[in-house]
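Breakdown of the fold
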Number of protein chains: 2
Amino acid sequence: MERLLRRWRSFSGPLLSRCPPSQPPLCRAYHHPPGRVKRLALSRFFQPQNLREDQVVGLESRVSELTCKSHRLMLQTGLIHPAGPGCYHYLPFTVRAMEKLIRMIDQEMQAIGGQKLDMPSLCSAKLWRATGRWQLMGKELFQLQDRHNKEYCLGPTHEEAITSLMASQKTLSYRQLPHLLYQVTRKFRDEPRPRFGLLRGREFYMKDMYTFDCSAEAAHQTYDLVCDAYGRLFDRLGLRFVRVQAAVGSIGGTMSHEFHLPLNIGEDTLTACSNCGFTANVETLDPKQPNCPVCQGKLAETKGVEVGHTFYLGTKYSSVFNTEFINAQGKPSLVEMGCYGLGVTRILAAAIEVLSTEECIRWPRLLAPYQVCLIPPKKGSKEEMAIEPMETLYDNIAEALPQLQGEILLDDRTHLTIGNRLKDAKKLGYPFVVIAGKRALEQPCHFEVWCQNTEEVVFLPKQGLLDLLRKVQGH
Amino acid sequence: MERLLRRWRSFSGPLLSRCPPSQPPLCRAYHHPPGRVKRLALSRFFQPQNLREDQVVGLESRVSELTCKSHRLMLQTGLIHPAGPGCYHYLPFTVRAMEKLIRMIDQEMQAIGGQKLDMPSLCSAKLWRATGRWQLMGKELFQLQDRHNKEYCLGPTHEEAITSLMASQKTLSYRQLPHLLYQVTRKFRDEPRPRFGLLRGREFYMKDMYTFDCSAEAAHQTYDLVCDAYGRLFDRLGLRFVRVQAAVGSIGGTMSHEFHLPLNIGEDTLTACSNCGFTANVETLDPKQPNCPVCQGKLAETKGVEVGHTFYLGTKYSSVFNTEFINAQGKPSLVEMGCYGLGVTRILAAAIEVLSTEECIRWPRLLAPYQVCLIPPKKGSKEEMAIEPMETLYDNIAEALPQLQGEILLDDRTHLTIGNRLKDAKKLGYPFVVIAGKRALEQPCHFEVWCQNTEEVVFLPKQGLLDLLRKVQGH
């Protein structure tokens, strides 16, 4: 057997080389010359673009679904493509932005002791019946049966799964608590009215954290810890948020807060007291009492898109699954829980909704799929001679600034004018667009730099450009 | 409105601070003192361990399912926990290993021009009926209906989805091809006999790539390119693999290869000719012909676990969805496709199956969840004085070797003997285990270093240890 395997191993070389020897690809090369930085050329991207408004509308079955800016812009720029009601293909730019966001969420969750796991989407009906949520969630649950007629739902959230997982750890000691466990996975919810693109979908990515503590007091501290981490995340993203007292809904528990991005298209109405700082989702207030329940001050309303939700659960779930730890007195005791959601794909879309103009996407800088787009002149134009210096510039940036590795795009569609490509670049919202125009032929050569997040345009020589980009954090 | 928002923004500070001010946590601190490297302490991990064999058997409904080593070891060490037939919770160590594997796959796929996207799990029955696979796959498909009685399956693979997505790109030019699009997502397959843990599950992670070319010749070159990338991946992982001619099954097409790890528990029988190097899955051969179909040489058989599968599809799918590009003559023409799978969770389990002993997990070095485990002496032992130097060592390694950031664990369960903790460390298979034993009190202090992948044990002073670890690639 061993000999046979050795023989096979030695075959794998010849086997692979029996395929026809590598020839220059028939279309365009995707292998770069050795010893040079690999340039990311826009012409090779799968990035459907420049859809007209009427074409975009044609992608969705109902025009009414396109009433929101981020949805329209994300379709027009090929960030997403509809796959069915409330279901989208996330195209390559979106995947890059999402992976950056997930990395930031990982950092914040792990900074407070969070440990990442991954639970199945197929959730046994038995667990959901045990908490009564099979009935309670009703048609919002996607339900199915396997080949043995066993019933499942596609998890919209995982309180049942994780509480029963924790219950299986029979020797959990108070010394090990708190545990903060989280995942970033696809969730499913059969929304009656999916709309606004990624803002209200039926299949979406969510970060859900579940915490386990040895007392109500400790659980409240953990609750504050997670809320602070959420605040830090939105601060790093540069997104203004509001945290309001919220209803517990089908999740349950005794305390809950929502994190909202204030947006007119938001489906929640939020209220704030200018006197004492009280904030709430109006659904938590008595509609007959128009004033602040804390100080009787005047309340002002706005709309918000919910991007995060926190719940103090107490023993609601641990009592169902008998999820216990051994306390300092050596006695079993129910764990105190919290759960904490962040809508990953929803944060992406909401950020675009907040930051973009009607015509151009703007990203939180740390989430932009690519930080820099270089636009060389048009072939056949007077500035044509600057095409090659632009390619050299690409290599210079890549070599001088390793933190921008993989973050620089070359818009090599040189059959188009600079103007047309700049229009695309503005629409896609790269934080920095560098153009080799007339002044690229001056001595010293100057590049036109569009800093799209600050809306500045400057002309810089190569060194000045490198100094500017040195401050940019790629990923 | 703007004023209101500004007010709210200024409230978010006080709001958060209305929660009780931070006190020392009641249990154990999860915040590290400022200005010091954060130490990863094993005692704080959610890592169920040391399950006896009978307890492990109790986790699964049937003993017969536990006939494979990786399955048993992964349950015993708390890498996975069963959630239902063929469905597992991936616990934190597994998620770390999986994220490392996915990063390597991303590197290899992007090196050949692959672009990452992400398609929904909910796949419309309409698409699957168009190719006839709704019927063909039958009970292997998890099927469900939404609240409007629209039918879906949970995608086991995405040929239909991506071919119809590509068909929507009406102006695809031959200049843009090839496109190599891939995703790493959860897949679903209602296996009649899920078993062997992650080796044959019903919900699992898969990398699936789909390629689009402008001619059969170009598509064959792309096919070779992807196969070569697969070979490089397994080489980097240090996993011996066999590539064999394979049946096309329900995916279809005209050419197919499987990548196998040779393993006795494998469900496929592979055959190789010692004369000409021909290899095949026996299901592709005429059972009446015992000799090599190429040279009539003698064939030898072995078992293998399939970890990758490649298909040349031709126009099987593009002809159904009318997926065309504009060729050099300006005429629409059907794209030539290939599809390429890698079982992500299956590679993890198969690698553990190949490399581990009956009692101890061994990882491909690049996938080990943590590279280094430090074991300080037991509290109250003669070597107790070495506990603090070990914590200093942790900080020294972390500061001197930034590539090991997040890769070093401190086994702070100092109520246990070194021997007991070393047993755990061997079982979990950290590539490097560093022990502060008697010789840690010598001048100069020496640490006992277990290099588990090479089965060497050496005593090294601090500088020697740093030099050894400098060569280790963390992530």
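Numbering of residues begins from 1 in every chain and follows the order in which that chain's sequence is written. Labels follow written order: the first chain is A, the first ligand is 1, and so on. Predicted model: local features are reported for residues with pLDDT of at least 70 only, side-chain atom pairs are reported and counted for 80 or more only, and whole-chain, interface and lining totals are derived from all residues. Water and hydrogen atoms play no part in the side-chain values, which are based on all heavy atoms of the structure.

Chain A carries the name Probable proline--tRNA ligase, mitochondrial in an unreviewed UniProt entry, which gives Sarcophilus harrisii as its organism. Its UniProt record gives chain A the following Subcellular location (unreviewed entry) comment, quoted word for word: "Mitochondrion matrix". Check the Sequence similarities (unreviewed entry) section of the UniProt entry for chain A; it says "Belongs to the class-II aminoacyl-tRNA synthetase family." UniProt positions are given in the numbering used here, feature names are shortened, and annotations may be inferred rather than shown by experiment.

For the rest of this paragraph, the subject is the pairing of strand 2 (residues 80–84) of chain B. All names here are of chain B. Note on exposure labels: buried denotes an accessible area under 20% of the residue type's maximum, exposed denotes more than 50%, and partly exposed covers the range between, all computed with a 1.4 Å probe on protein chains only. Strands are runs of DSSP state E lasting at least 2 residues, helices are runs of H or I lasting at least 4, and numbering of each runs from the N terminus. With respect to burial, strand 2 is a largely interior element, four of its five residues being buried. For two strands to count as paired, DSSP must find a minimum of two bridges between them. The sheet contact formed by strand 2 and strand 3 (residues 87–90) spans four bridges and is antiparallel. Counted as the bridge partner of P82 is Y88 from strand 3. Connecting strand 2 to the antiparallel partner strand 3 that follows it, the hairpin turn spans two residues, and G86 within it adopts a positive phi of roughly 70°.

All names here are of chain B. Strand order across the open sheet formed by six strands is 1-19-18-20-21-22, with mixed pairing between neighbours. The sheet terminates laterally at strand 1 (40–41) and strand 22 (456–461), the two strands that pair on one side only. Sheet topology note: the strand 18 (residues 372–375)/strand 20 (residues 432–435) ladder contains four bridges and is parallel. Along strand 20, the bridge assignment pairs V372 with F432. The criterion used for residue contact is that any of the two residues' heavy atoms lie within 4.5 Å. With axes taken as lines fitted to C-alpha atoms, and helix axes fitted only over the stretch in contact, angles between N-to-C directions fall between 0 and 180 degrees. Running at roughly 125° to strand 22, helix 13 (residues 462–470) makes contact with strand 18, strand 20, strand 21 (446–451) and strand 22 of the sheet.

Moving on, we come to the pairing of strand 22 (residues 456–461) of chain A. Residue and element names in this part refer to chain A. One ladder, built from six bridges, connects strand 21 (residues 446–451) with strand 22; its direction is antiparallel. Of the residues in strand 22, the one forming a bridge with E448 is F459. The turn joining strand 21 and strand 22, which pair antiparallel and follow one another in sequence, is formed by four residues; a positive phi near 60° is taken by E455.

Moving on to helix 8 (residues 216–237) of chain A. Expected span of a helix, by definition, is 1.5 Å for each gap between consecutive residues, and there is one gap fewer than residues. Along its 22 residues, helix 8 of chain A runs 32 Å from first to last C-alpha, staying within 8% of the 32 Å computed at 1.5 Å per residue. Remark: G238(A) follows helix 8 of chain A within two positions and exhibits a positive phi of approximately 70°.

With that out of the way, let us pick up the relation of the copies chain B and chain A. When chain B is brought onto chain A, the operation consists of a screw motion whose angular component is 180° and whose axial shift is 0.0 Å, with 0.0 Å RMSD remaining. The operation mapping one copy onto its partner corresponds to a two-fold rotation axis. Minimal C-alpha distance to the rotation axis in chain B is attained by L144(B), lying at 2.6 Å. Counting the interface residues of chain B, we find that 100% of their copies in chain A are interface residues as well, pointing to one common contact surface. To line up the copies, we fit them by least squares on C-alpha atoms, keeping just the residues with pLDDT of at least 70 in both.

Another point: the state of the cysteines. By convention in this document, the label disulfide applies to cysteine sulfur atom pairs within 2.5 Å. Across all of its chains, the model carries zero disulfides over all chains by this definition. With no disulfide of its own, C360(B) lies 13 Å from the sulfur of C373(B), the closest cysteine sulfur.

Okay, the UniProt feature "domain: Aminoacyl-transfer RNA synthetases class-II family profile" (unreviewed entry) in chain A next. Those residues carrying the UniProt feature "domain: Aminoacyl-transfer RNA synthetases class-II family profile" (unreviewed entry) are residues 99–369 of chain A in this numbering. Along residues 99–369 of chain A the backbone is 26% helical and 31% strand, and the end-to-end C-alpha distance reaches 9 Å.

Residues and elements named next belong to chain B. Axis separation between helix 3 (residues 69–76) and helix 10 (residues 344–355) bottoms out at 8 Å; the angle between their running directions is 105°. What the angle tells us is that helix 3 and helix 10 run roughly perpendicular. Along the contact surface, helix 3 presents K69, S70 and M74, while helix 10 presents A349, I352 and E353. For the contact of helix 3 with helix 10, the residue count by class is three nonpolar, one polar and two charged. Just so you know how the angles are binned, under 35 degrees is roughly parallel, over 145 roughly antiparallel, 65 to 115 roughly perpendicular, and the rest oblique. Classification used: nonpolar for Ala, Val, Leu, Ile, Met, Phe, Trp, Tyr, Cys and Pro, charged for Asp, Glu, Lys and Arg, polar for all others including Gly.

Note that the domain bounds reflect an automated or database-derived domain assignment. Taken as a whole, chain A is organised into domain 1 (44–90), domain 2 (94–354) and domain 3 (370–470). With centres defined by C-alpha atoms, the gap from domain 2 of chain A to domain 3 of chain A works out at 43 Å.

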